[in-house]
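# Observations on the model geometry
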Amino acid sequence: MQDRLRILEDLNMLYIRQMALSLEDTELQRKLDHEIRMREGACKLLAACSQREQALEATKSLLVCNSRILSYMGELQRRKEAQVLGKTGRRPSDSGPPAERSPCRGRVCISDIRIPLMWKDTEYFKNKGDLHRWAVFLLLQLGEQIQDTEMVLVDRTLTDISFQNNVLFSEAGPDFELRLELYGACVEEEGALAGAPKRLATKLSSSLGRSSGKRVRASLDSAGSSGSSPILLPTPAVGGPRYHLLAHTTLTLAAVQNGFRTHDLTLAGHEESPAWLPLYGSVCCRLAAQPFCMTQPTAGGTLRVQQAGELQNGARVHGVLKGTNLFCYRKPEDADTGEEPLFTIAINKETRVRAGELEQAAGRPFTLSISNRYGDDEVTHTLQAESREALHNWMEALWQLFFDMSQWKHCCDEVMKIESPTPRKPPQALAKQGSLYHEMAIEPLDDIAAVTDILAQREGPRLETPPPWLAMFTDQPALPNPCSPASVAPASAWTHPLPWGRPRTFSLDAVPPDHPLGASRSVAPLPSQRSSRSRGLYNKGPLRTWLQSPV
Amino acid sequence: MSYIPGQQVTAIVQRVEIHKLCRGEILILGFSIGGGIDQHHSQNPFSEDTTDKGIYVTRVSEGGPAEISGLQIGDKIMQLNCWDMTMVTHDQARKRLTKRSEEVVRLLVTAVSAEGCAAVHQSPGE
């Protein structure tokens, strides 16, 4: 089955590449090649990594690459269709009038995304089980651009999922649709029981805590089903972590605001589905849009400006149309050097522009007038261009600006600040959980010796030599130990010698989560720490939500 | 407190009496507390035992009534005016400490030390 999937996958990649080549679209082809290479790299990394966190990161990159490839393929098919239709003589793009005005593009940035969680009180008080952790990230799609946020670990100590980075889309039209998808995966559970035989797994899942047992059973049931488009881009590692879609929403221009706003999330799945997170159902974020007409100059040239009411000929200035203002500088160089303009004429939704041809005064051709209303007064400026073409350009620029303002609506009221996103830090090696029970993932391939190794260290220096009964296990690895809780099926290969000195790092500095047996964290090194009278601070990792009150 | 099977447990139990200081309208004791059964115990830097959800002293203001009475940072408050403080929420603890009707609070605190055996000594003035 795996071979068949692999062949299909290769064929698909070939098909995609051929399509890209035939279109001779070098830009898209390059992007597609890049994504395919990234995907291969992510598959290799996934197959090679041992740590759960690494696997999660690799699976996330894989998911993002897959989405990007699918979207590029969709784009390719659209262009191929257009090309084919064009070749047969029909040009659908020419259906409208030739001088169809299109609004200017803009930059859309979403930042400070926060998704509140709604934990049940049973998570805190009755559930003495493991600290369930989820890895979540957001996939954002605008047009054909797909971007992702960093992966964030969530557990019941957090009240919201917060994403620090901001995501910027550089080419977006006013009719953009920003699709947000929240994917989540469990950090612990699936891995521990992935390899266990069915009977033991069901026994274990029924004996675990209420909520974790439900989750495990759900994940086991759905282990057979795979994600979207399995045939086109099959997931290579069956035992690896799988992300599930938790929620999604679509944001448009109406959601843009120069501040924080809350939007509704459509939740996918229910409590029984795997990787279920109790989401409150909304997402808070700051969605800002900067149309290019607001940030880049759209027209410039020499003008002679006269304010209505003045008798003499107006001043000769260099005008620059940028955003909702027409800046008039003394010299063309002033605009670049940042000098203050002589004066500024505001151009907004209420401004009225009239071509001067109608009221052409003798000897003053090529004029247009701009009228603004300030309270009760109406101020009119008359601008004289140098030639007919210049006047036409100015009129064109002004009409385009008005059109853009009508399309981008409230984004043109004032320029919204967008910070360029800082380059993403490489995924930090997540802090190793120092608890014994985290290091000791009891998998069937693990050896009994490691368990006794750890137990021996807990007892302290008393246990110097390996207990005599251990010899039983080194000789006959296939003997299942009735007392050990999860030692299972005969280990497939007992190739390494007794790993008595296997290094296990017990760092007391890490955040110790709850573990099911509830024993105290007493490891041999502890007494030495207590030798000093000073109340040493036991560094428990980042102090997050631990309340302190002055009295 | 933490418990290692086979190891000696040493603890110092102390009775501390603090007279609240009047600062205008409010009475202050001069220290900060952390912890509670509704807080996440693993974030507590003062407790060795990770399942300890008790109330701990996280900060003592210099020269305040708490410091004068001998309260130290890292102490765990067991009782307050004979009310139990080992199984209370953070807010309940704060409220009990800041009762305006009480001018004196008598605390039973414990602190862990490695040397010596369990000792109970009274603070002066008790």
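It should be noted that the structure appears before, not after, this text.
Just so it is clear, the model here is predicted, and its values are computed rather than measured.

## Structural notes on the overall build of chain B
Secondary structure assignment for chain B yields 2 helices and 9 strands. Shown N-terminal to C-terminal, the secondary structure of chain B runs as helices and strands in the order β-β-β-β-β-α-β-β-α-β-β. Across the 126 residues of chain B, 48% fall into the buried class. Put simply, 67% of the contacts in chain B that link residues at least 6 apart link residues at least 24 apart. As presented, chain B carries roughly 6,300 Å² of accessible surface, and 52% of it is formed by carbon and sulfur atoms.

## What to know about the packing of helix 2 (residues 26-48) of chain A against helix 3 (residues 52-87) of chain A
In a packed pair of helices, the relevant descriptors are the angle between the two axes and the axis-to-axis distance. Residue and element names in this part refer to chain A. The geometry of helix 2 relative to helix 3 is characterised by a closest axis approach of 9 Å and an angle of 155 degrees between their N-to-C directions. When the axis of helix 2 is compared with that of helix 3, the two are roughly antiparallel. Of the two possible hands of crossing, helix 2 and helix 3 adopt the one that is left-handed. Its residues placed into classes, the contact of helix 2 with helix 3 shows 15 nonpolar, 3 polar and 6 charged.

## Notes on the sheet that holds strand 15 (residues 343-346) of chain A
Residues and elements named next belong to chain A. As summarised here, the arrangement of the 7 strands in space is 15-14-13-12-18-17-16, forming an open sheet in which the pairing is antiparallel. Edge positions in the sheet fall to strand 15 and strand 16 (352-355), since each of these pairs with one other strand and no more. For this sheet, the mean angle separating the axes of adjacent strands, direction not counted, is 35 degrees. As paired strands, strand 13 (residues 315-322) and strand 14 (residues 325-329) are joined by 5 bridges and run antiparallel to one another. Within the sheet, the bridge partner assigned to K322 lies in strand 14 and is N325.

## Focus on helix 2 of chain A
In an α-helix there are 3.6 residues to a turn, and that puts residues three or four apart on one side. If you check helix 2 of chain A, its first and last C-alpha atoms are 33 Å apart, about what 23 residues at 1.5 Å a residue would give, namely 33 Å. Of all the residues in helix 2 of chain A, the buried ones are L28, Q29, L32, E35, I36, R39, A42, C43 and L46 of chain A.

## A few points about the packing of aromatic side chains
All names here are of chain A. Tallied over the entire structure, the rule returns 5 aromatic pairs over all chains. Ring geometry for F137 against Y183: centres 5.7 Å apart, planes inclined by 20 degrees, an arrangement best described as stacked. With a gap of 46 residues between them, F137 in strand 2 (residues 134-142) and Y183 in strand 7 (residues 178-186) connect regions that are remote in the sequence. Here F137 and Y183 have matching classes, each one buried. With centroids separated by 6.3 Å and ring planes inclined at 35 degrees, the aromatic side chains of F327 and Y329 adopt a geometry described as tilted. A connected cluster of aromatic rings, assembled from ring pairs, spans F137, Y183 and Y243. K60 extends its terminal NZ or CZ atom over the ring of F137, reaching a point 5.5 Å from the ring centre.

Cut-offs used in this document
Residues numbered from 1 in each chain as written. Chains lettered and ligands numbered in written order. Predicted model: local features only at pLDDT ≥ 70, side-chain atom pairs only at ≥ 80, totals over all residues. Heavy atoms only, no water. Helix = DSSP H or I, 4+ residues; strand = E, 2+ residues; numbered from the N terminus. Buried < 20%, exposed > 50% of the residue type's maximum accessible area, 1.4 Å probe, protein only. Contact = heavy atoms within 4.5 Å. Areas by Shrake-Rupley, 256 points an atom, 1.4 Å probe, with all protein chains shown as cover. Axes fitted to C-alpha atoms, helices over the stretch in contact; angles between N-to-C directions. Parallel < 35°, antiparallel > 145°, perpendicular 65-115°, else oblique. Left-handed = near helix turned anticlockwise from the far one by under 90°. Nonpolar A, V, L, I, M, F, W, Y, C, P; charged D, E, K, R; others polar. Pairing = 2+ DSSP bridges. Expected span 1.5 Å × (residues − 1). Phe/Tyr/Trp six-rings, centres within 6.5 Å; stacked < 30°, edge-to-face > 60°. Lys NZ or Arg CZ within 6 Å of the ring centre and 35° of its normal.

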